[in-house]
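What follows is each chain in one-letter form.
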Amino acid sequence: MDDTADDEGYRYLQRTDGSWSLVGEDGWEIEFADLDADVMATIVGALALMSIDVDPISFVDNEIG
C-alpha cells in the first residue's frame, strides 16, 4: 500500500486491489459524507477528467538474475 499527503492534511491510501480511500491525520478512513464542499468539488472535478487508454508495456531487468 502507498500513501501520500496533500496540503489539507488528507492522506490517500491505495489498496492492493487498486481502490483508493481518504485517510485522516489520525490514520482512520474518512467517509466521503464527512468532507466539506470544497474537497468534494475537487474530487468530483478530478473524476471528470477523461482517461487515456494506452497499451501495456513490459521490460526485462538484466541486472537481476
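Residues numbered from 1 in each chain as written. Predicted model: local features only at pLDDT ≥ 70, side-chain atom pairs only at ≥ 80, totals over all residues. Heavy atoms only, no water.

## Topic: the overall build of the protein
The helix and strand inventory of the protein stands at one helix and three strands. Helices and strands appear in the protein in the N-to-C order β-β-β-α. A total of 65 residues make up the protein; the buried ones form 15% of that total. Contacts in the protein between residues far apart in sequence, at least 24 positions, make up 4% of those at least 6 positions apart. Summed over its atoms, the accessible surface of the protein is roughly 6100 Å², and 55% of this surface lies on carbon and sulfur atoms. (Helix = DSSP H or I, 4+ residues; strand = E, 2+ residues; numbered from the N terminus. Buried < 20%, exposed > 50% of the residue type's maximum accessible area, 1.4 Å probe, protein only. Contact = heavy atoms within 4.5 Å. Areas by Shrake-Rupley, 256 points an atom, 1.4 Å probe, with all protein chains shown as cover.)

## Regarding the side chain of Ser21
Within the secondary structure, Ser21 is located in strand S3 (residues 20-23). Note on Ser21: relative accessible area 7%, which makes it buried. Sequence-distant contacts of Ser21, defined by excluding residues within four places in its chain, comprise Arg11, Tyr12, Leu13, Arg15 and Glu29.

## Re the pattern of salt bridges
Per the stated rule, a full pass over the model turns up one salt bridge. One salt bridge connects Arg15 with Glu29, and the closest N-O pair in it is separated by 2.7 Å. Residue Arg15 is found in the loop between strand S2 (11-14) and S3, and its partner Glu29 is found in the loop between S3 and helix H1 (37-47); the two are separated by 14 residues along the sequence. (Salt bridge = Lys/Arg side-chain N within 4 Å of Asp/Glu carboxyl O.)

## Some thoughts on the pairing of S2
With four bridges joining them, S2 and S3 adopt antiparallel strand pairing. Bridged to Gln14 within S3 is Trp20. (Pairing = 2+ DSSP bridges.)

## Focus: the confidence of the model for the protein
On average, residues of the protein score 75 in pLDDT, and 82% of them reach the 70 mark or higher. The weakest mean pLDDT in the protein belongs to strand S1 (residues 2-5) at 48; the strongest belongs to S3 at 83. Here residues 1-6 is modelled with pLDDT under 50, and outside its nearest four sequence neighbours on either side it reaches 15 contacts, counting other chains as well. (pLDDT = per-residue confidence, 0-100.)

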